[in-house]
Amino acid sequence: MLETSDVIEPVFPAATVVLVRDGDDGLEALLVQRNQAVQHMGGMWVFPGGKVDAADYTGDRDEYQAAVNAAIRETREEAGLDVSAEQLVYLSHWTTPAGAKKRFATWFFLAILEDGKEVCVDGGEIALHRWVQPATAIAESADDAHPLRLMPPTYVSLADIADCHSCALVRERIGQREALIYAP
């Protein structure tokens, strides 16, 4: 007989894009708020992203390429922005801890956006968006009265670039290292 602890929950591949731009006061990252009515992470502020779909796979079933394809698709669906595979830099990989209701193996990519691109959220799964300096988002997440609700990977990704004041500094930092692997 199987014990509850013996049941292995599936781990779904997913992809997320940390979109950054140079704002008037320095580096800004795009956060989107998941609709309160959405069952998974409703109301949380996250980066555009989601589960890898069957259509994201090419003939060779390459997991990484499927994640790149999903990142491009999800950015378009959730933020109305087009990014290319060439813009995506592999930032980190997160695996949801065992025991969670839903588990994901998520590739996080960084993409630098040029000025003038307008965000257009779908109004369904994604309710709102905002460009925010990473340090400001982190500070707001600690506000007891009105916290900005961030998932741990979002918080850590913002903390990773919070001391960068421009896209050029982020590009330099990320370009000099391997992707970080998180498997809490």
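Let me sum up the structure you'll find in this document. Per-chain numbering applies: the sequence of each chain, read as written, is numbered from 1 onward. Since the coordinates come from a predicted model, pLDDT governs what is reported: local features require at least 70, and pairs of side-chain atoms require 80 or more to be given and counted, while whole-chain, interface and lining totals use all residues. With hydrogens and water excluded, all non-hydrogen atoms of the structure serve as input to the side-chain values.

1. A look at the environment of Lys51
The cut-off we apply is this: Each helix is a run of DSSP H or I of at least 4 residues and each strand a run of E of at least 2, with the numbering of both proceeding from the N terminus. Relative accessibility decides the category of a residue: with a 1.4 Å probe and only protein chains considered, values under 20% of the type maximum give buried, values over 50% give exposed, and everything between is partly exposed. Here a residue-residue contact requires only that any non-hydrogen atoms of the pair lie within 4.5 Å.
On the secondary structure map, Lys51 appears in strand E4 (residues 49–51). Given a relative accessible area of 38%, Lys51 falls into the partly exposed group. Once the C-alpha coordinates of Lys51 and Ala14 are considered, the two residues, 37 residues apart in sequence, prove to be 4.1 Å apart. Beyond its immediate chain neighbours, meaning those up to four positions away, Lys51 contacts Phe12, Pro13, Ala14, Asp56, Ala70, Arg73, Glu74 and Phe104.

2. Points about empty space enclosed by the protein
In plain terms, the rule: Definitions used throughout: a 1 Å grid over protein atoms alone; a cavity as a set of points that fits a 1.4 Å probe which cannot get out; a pocket as an open set with protein on both sides within 12 Å along at least five of seven lines; a lining residue as one with an atom within 4 Å of a point. Grid points are joined across faces, edges and corners, and a volume is the space filled by probe spheres set on the points. Amino acids are sorted into nonpolar (Ala, Val, Leu, Ile, Met, Phe, Trp, Tyr, Cys and Pro), charged (Asp, Glu, Lys and Arg) and polar (every other residue, Gly among them).
A full pass over the atoms with the stated rule returns one cavity of 30 Å³ or more. Approximately 40 Å³ is the volume attributed to the largest cavity. Only strand E5 (89–95), helix H3 (152–161) and strand E8 (180–182) provide two or more residues apiece to the lining of the largest cavity. Classifying every residue of the lining of the largest cavity by side-chain character gives four nonpolar, two polar and one charged.

3. Points about the nonpolar core
The condition that has to hold: The nonpolar core is taken to be a set of buried Ala, Val, Leu, Ile, Met, Phe, Trp, Tyr and Cys residues, with the residues joined through side-chain atoms within 4.5 Å.
Core analysis: the largest hydrophobic core is formed by 26 residues, its most contacted members being Leu19, Leu30, Leu81, Val83, Leu88 and Phe109. Residue assignment for this core shows that the elements contributing at least two residues are strand E1 (11–23), strand E2 (26–34), helix H1 (63–79), strand E6 (103–112) and strand E7 (126–132). Here the element with the most residues in this core is H1; it accounts for seven residues. If we skip the residues at most four places from it in the chain, Val83 touches Leu19, Ile72, Thr75, Leu88, Ala111 and Leu113. With 23 residues, the next largest nonpolar core counts Trp45, Trp94, Ile112 and Leu148 among its residues.

4. A closer look at the packing of aromatic side chains
As a reminder of what qualifies: Pairing of aromatic rings covers Phe, Tyr and Trp, the last through its six-membered ring, and needs centres within 6.5 Å; plane angles under 30 degrees mean stacked, over 60 mean edge-to-face, and all others mean tilted.
Tallied over the entire structure, the rule returns six aromatic pairs. Aromatic side chains Tyr64 and Tyr90 sit 5.5 Å apart centroid to centroid with 70 degrees between the ring planes, which places their arrangement in the edge-to-face category. Taken together, the residues span a long stretch of sequence, with Tyr64 in helix H1 and Tyr90 in strand E5 at a distance of 26 residues. A residue is classified by how much of its surface remains accessible, and Tyr90, at 27% relative accessible area, is partly exposed. Between Tyr64 and Phe109 the ring centres are 5.8 Å apart and the planes differ by 65 degrees, which places this aromatic pair in the edge-to-face class. Linking Tyr64 in helix H1 with Phe109 in strand E6, this pair joins segments that are 45 residues apart in sequence. Overall, Phe109 belongs to the buried group, its relative accessible area being 0%. Joined through ring pairs, the aromatic side chains of Tyr64, Tyr90 and Phe109 make up one cluster.

5. Focus on unusual backbone geometry
Despite not being glycine, Arg61 has its phi angle at roughly 60 degrees, a positive value. Positionally, Arg61 belongs in the loop between E4 and H1. The class for Arg61 is exposed, based on a relative accessible area of 52%.

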